[in-house]
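So the chains spell out like this:
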Amino acid sequence: MLTTAAKKKEITLKRFLRKNLLYYIIPNVVFNTIIPYFSFTDLHAVHLFDGEQNLARFILPMAFFLPFIITFDILKKTITLSEKGHSEIILPEGFKKNKFILQMAGINGFCTVSFVFAMMLGLHFGLPELYNYNGAVLAVLLGLTAGLFSVLFTYMPIRKLKKYHLPDTGNTPEDQPQNLRTVAPAAADKPQLIEE
């Protein structure tokens, strides 16, 4: 059963994550939709890899840098929140936060760009040579992908961080439910021997 202080910290962390998610999702969806849309000179002749206007120059950098930057930023902010005592996450003494943050950001960026590149290669070899894509549809898909990455890499690193969470042992008697408190019997309740 969570104590009152632990519940407050859990609520604080949830609000903090929702607030940061809005900061990530809105600009990423907007910019990753608008920039490709206006960069394609011919919206009816967009290719995956070929030519000057191809999808790869937009989606591959996004697939690496977006997960990397969001993971780095959210972990740094969450660990700072934890160190100030405003988060339910309690990290062990000597936790190597910088190594953890960079490692998680690098892994997320590398795995995401590898997955996206593999999917693009599958489409490239599976469809006819110089197959044309609709640029407007691709721009919208890029924006939606950026939104998906924003949600995924806001919450996923926190789940990984919670694996290092220590149980809270600093409960005060006021935090405990009434039925769990142990009350010492008063001295007056003890039977006394009367000497004659």
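Residues numbered from 1 in each chain as written. Predicted model: local features only at pLDDT ≥ 70, side-chain atom pairs only at ≥ 80, totals over all residues. Heavy atoms only, no water.

**Points about the layout of surface pockets**
It is a probe the size of a water molecule, rolled over the atoms, that shows where empty space is left.
Here is step 1: By volume, the largest pocket is sized at about 380 Å³.
Here is step 2: In terms of lining residues, the largest pocket is bounded by 18 residues, among which I59, V116, M119, M120 and T145 are the most central.
Here is step 3: The set of elements that each furnish at least two residues to the lining of the largest pocket consists of α3 (97-126) and α4 (135-161).
Here is step 4: Tallying contributions element by element places α4 first for the lining of the largest pocket, with eight residues.
Here is step 5: Class assignment of the residues belonging to the lining of the largest pocket gives a composition of 16 nonpolar, two polar and no charged. (1 Å grid on protein atoms, 1.4 Å probe; cavity = no way out; pocket = protein on both sides within 12 Å on 5 of 7 lines; lining within 4 Å. Points joined across faces, edges and corners; volume = space filled by probe spheres on them. Helix = DSSP H or I, 4+ residues; strand = E, 2+ residues; numbered from the N terminus. Nonpolar A, V, L, I, M, F, W, Y, C, P; charged D, E, K, R; others polar.)

**Let's talk about the side chain of N32**
Here is step 1: Inspection of the secondary structure puts N32 in helix α1 (residues 4-39).
Here is step 2: With relative accessibility at 18%, the residue N32 sits in the buried group.
Here is step 3: In this structure the side chain of N32 is engaged in a polar contact, spanning 2.8 Å, whose partner is the backbone oxygen of N28.
Here is step 4: Apart from residues lying up to four places away in sequence, N32 is in contact with P27, M62, A139, L142, G143 and A146. (Buried < 20%, exposed > 50% of the residue type's maximum accessible area, 1.4 Å probe, protein only. Polar contact = N/O pair within 3.5 Å; in protein donor to acceptor, adjacent residues only side chain to side chain. Contact = heavy atoms within 4.5 Å.)

**Examining the confidence of the model for the protein chain**
Here is step 1: With 82% of its residues at a pLDDT of 70 or more, the protein chain shows a mean pLDDT of 82.
Here is step 2: Segment residues 171-196: pLDDT under 50, and six contacts once partners within four positions in sequence are set aside and those in other chains are kept. (pLDDT = per-residue confidence, 0-100.)

**Quick notes on the environment of A139**
Here is step 1: Among the secondary structure elements, A139 is positioned in helix α4.
Here is step 2: Residues A139 and I34, spaced 105 residues apart in sequence, show a C-alpha to C-alpha distance of 7.1 Å.
Here is step 3: A139 has contacts with N32, T33, P36 and Y37, leaving out every residue within four places of it along the chain.

**Some details on a positive patch on the surface**
Here is step 1: A surface patch of like charges, here positive, comprises R159, K160, K162 and K163.
Here is step 2: K162 gets classed as partly exposed once you look at its relative accessible area, which sits at 38%. (Patch = residues over 30% accessible without salt bridge, like charges linked within 9 Å, V, L, I, M, F, W, Y side chains within 5 Å. Areas by Shrake-Rupley, 256 points an atom, 1.4 Å probe, with all protein chains shown as cover. Salt bridge = Lys/Arg side-chain N within 4 Å of Asp/Glu carboxyl O. Lys, Arg positive; Asp, Glu negative; His and termini not counted. Charge placed at Lys NZ, Arg CZ, Asp CG, Glu CD.)

**Thoughts on empty space enclosed by the protein**
Here is step 1: In the structure shown here, the tally under the stated rule is one cavity of 30 Å³ or more.
Here is step 2: Approximately 80 Å³ is the volume found for the largest cavity.
Here is step 3: Around the largest cavity, the lining residues are H47, L48, F49, D50, L123, H124, L127, P128, E129, L130, Y131 and Y133.
Here is step 4: Considered class by class, the residues forming the lining of the largest cavity number eight nonpolar, two polar and two charged.

**Quick word on the nonpolar core**
Here is step 1: I59, M120 and L161 are the most contacted members of the largest nonpolar core, which has 37 residues in total.
Here is step 2: Elements represented by at least two residues in this core include exactly α1, α2 (56-83), α3 and α4.
Here is step 3: With 12 residues, α2 is the largest single contributor of residues to this core.
Here is step 4: Contact partners of L161, with chain neighbours within four places excluded, come to L75, T78, I79, I89, L91, F95 and F100. (Core = buried A, V, L, I, M, F, W, Y, C linked by side-chain atoms within 4.5 Å.)

**Things to note about the packing of aromatic side chains**
For any pair of aromatic rings, the description consists of the separation of the ring centres together with the inter-plane angle of the planes.
Here is step 1: For the structure shown, the criterion picks out 10 aromatic pairs.
Here is step 2: Arranged with centres 6.1 Å apart and planes meeting at 75°, the rings of F49 and F117 form a pair that is edge-to-face. With F49 in the loop between α1 and α2 and F117 in helix α3, the pair connects residues that are 68 residues apart, well separated along the chain.
Here is step 3: A relative accessible area of 25% places F49 in the partly exposed class.
Here is step 4: Residue classification places F117 among the partly exposed residues on the basis of a relative accessible area of 36%.
Here is step 5: Look at F95 and Y164: their rings are 5.2 Å apart centre to centre, the planes differ by 55°, and that puts the pair in the tilted class. (Phe/Tyr/Trp six-rings, centres within 6.5 Å; stacked < 30°, edge-to-face > 60°.)

**A look at the environment of D42**
Here is step 1: Considering the arrangement of structural elements, one finds D42 in the loop between α1 and α2.
Here is step 2: Residue classification places D42 among the partly exposed residues on the basis of a relative accessible area of 37%.
Here is step 3: Between the alpha carbons of D42 and A136 there is a distance of 9.8 Å; along the sequence they are 94 residues apart.

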